[in-house]
Amino acid sequence: MTARLLAYASYRPAHELSRAAIGAALGMAQVGAGVRAVAGFDEDPITMAVGAIRRLPPAARRTDWLYFATSSPVFLDKTNAAFVQAAVGGSQEALTLDVCGLSSGFAALACASATGGTAVLSDLHTGRPGSTAESEGGDGAAAFLFGDGDTAVADVVAICSRSLDLMDRWRVPGQRFAHVAEERLIASVHGAAVDDVVAEVTGAAGLDGLPVRTVVAAPDRRLAATISARWGRDSAVQTWHRDHVGYCGAADVGQLTASALDRSAAGDTILVISAASSVGAMLLRVLRDGHPANAEGSGRRGRPVSYPDFLAWRGWLDREPPRRPDHAAPFPAAFHRNRDWKFALTGSRCQACGAVWLPPQRMCGSCHALDSVVPHPVADCPARLVALTTDGITGSLAPPAMAGVVDFDGGGRMSASLTDTSPGELEPGDPVQMVFRRTWADHGAPDYFWKGRPLPGGGR
Ligand SMILES: [Zn+2]
């Protein structure tokens, strides 16, 4: 069975690092132009995956299958995808699956297109300071919902892969940075395998000539460009992506596919090639016009990050923190008891008087009715800041910390940390969007909760 692509969304973090800033900090002349996307200090592959899925229609949250692809898993024993499923308010009656490594993005797409369900690709990609992997890398996520439906975005015409035993890039557990084989070896082996898979998918589709759009996800920019020139006739999507986002590891193939779909019209064909670790190709036939306004390069500029902040956010630069008491370690029993509130931001609504309580309460604080409440999720409700404060005392990797009081349309008020913002940007009355983020980490184990951020595009 091959399912249809019903919906897609990409997530790009708010921050970006200029490659010139890396060169200036390290005294290097040849770092390249443009910027790389940078996940915030409180983001990781789990939170970015949540960000991508929340941009899909609600049906994606009722998925029976959730494939989560990353090369930088937050947890090794715990299933990362299960946290993603909980934070998007997804059903527990689902199989949630982690897929690992640079080729896992393509693998997740192939699996979801075969079984139906959601593939979410999310990654942080960097390398040793001064490396090409650092300056050419990027962070981001993308989500794809496959299934049966009359309102599909695209049909998967053919899909093909090759499993390669080549040691092209590798890390063993505990290593922070990847080892990379000699470029010519990678180009030779991957180039030949790409020729094979492309011939197979275009042959299976009976495609006469090159597809309208070709995107190539490969860590090496030059190799990606060479393959793109050989098998494509429009490289605008790929060039823009490398200049303004960077290679996003396992998520790269998803970000590129989403950008190509945004720029396509009904009837177009898109060839998606992944050449990282293993090699794969997928041919899509677009069924409805894309949304160029969503396309990368449509005017959005990221929040600039300094190179020292980038290193500190990723944990490569261990700065002295303020002298404050340690945060409490994650407490599994409390997490489990409060999971609907903690993960899905679900409060309670009193059926007797309609009051909304955040966090949920058994007894209504207004009419005092007991156990007459129903769940009331607010993560997707429009919200506004009622008050805000700047906190220069609490330790933060992006000081000063900010917090506010948020009111939701339909009722409910909560206090929340604010993120992706700086003093002076927000004021009371401004709309905010709730986002699932890290709060702090204890010995590397992160805790998560919901924060407010400025509504993308303003709206004041
Ligand atoms: Zn009540």
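In this text the structure is predicted, and so the values were computed from the model without any measurement.

Student: So what exactly am I meant to see when it comes to the overall build of the chain here?
Tutor: A tally of regular secondary structure across the chain gives twelve helices and 22 strands. Relative to a compact globule of 460 residues, whose C-alpha radius of gyration would be 23 Å, the chain shows 22 Å and is just as compact. For the chain, the spread of C-alpha atoms along the three principal axes comes to 70 × 55 × 40 Å. Taking all 460 residues of the chain together, the buried fraction comes to 47%. Nonlocal contacts in the chain, meaning residues at least 24 apart in sequence, comprise 69% of its contacts between residues at least 6 apart.

Student: Help me understand the pairing of strand 2 (residues 15–18), please; the structure alone is not making it clear to me.
Tutor: Remark: a regular strand shows side chains that alternate across the two faces of the sheet. Relative to strand 3 (residues 35–38), strand 2 runs antiparallel, the two being bridged by four bridges. Residue pairing for strand 3: Glu-16 is matched across the bridge by Ala-37. Sheet analysis places strand 2 next to strand 14 (residues 303–304), joined by two bridges and oriented parallel. Opposite Glu-16, over in strand 14, you have Pro-304 as the bridge partner.

Student: Just checking my understanding: could you explain the sheet that holds strand 17 (residues 373–377) for this structure?
Tutor: What links the strands of a sheet is backbone hydrogen bonding, and the strands pair in either a parallel or an antiparallel sense. Spatially, 16-15-17 is the arrangement adopted by the three strands of the open sheet, whose pairing is antiparallel. This sheet does not close on itself; its edge strands, each paired only once, are strand 16 (356–357) and strand 17. Here strand 15 (residues 346–350) runs beside strand 17; their pairing, made up of five bridges, is antiparallel. The partner of Arg-349 across the bridge, within strand 17, is Val-374.

Student: Would you take a moment to explain the domain arrangement of the chain for this structure?
Tutor: The accessible area lost on association of the parts is a frequent measure of interface size. Each assigned domain of the chain is listed with its residue range as follows: domain 1 (4–314) and domain 2 (340–454). Facing 16 residues of domain 1, the contacting portion of domain 2 comprises twelve residues. Among the elements that make up the side of domain 1 that touches domain 2, the one with the highest residue count is helix 2 (residues 45–53) (three residues). When the residues that make up the side of domain 1 that touches domain 2 are grouped by side-chain class, the tally is eight nonpolar, four polar and four charged.

Scoring rules and cut-offs
- Residues numbered from 1 in each chain as written.
- Predicted model: local features only at pLDDT ≥ 70, side-chain atom pairs only at ≥ 80, totals over all residues.
- Helix = DSSP H or I, 4+ residues; strand = E, 2+ residues; numbered from the N terminus.
- Rg over C-alpha atoms; globule rule 2.2 N^0.38 Å.
- Buried ≥ 20, exposed ≤ 12 C-beta atoms within 10 Å, placed from the backbone.
- Contact = placed C-beta atoms within 7 Å.
- Pairing = 2+ DSSP bridges.
- Domains from an automatic or database assignment.
- Nonpolar A, V, L, I, M, F, W, Y, C, P; charged D, E, K, R; others polar.

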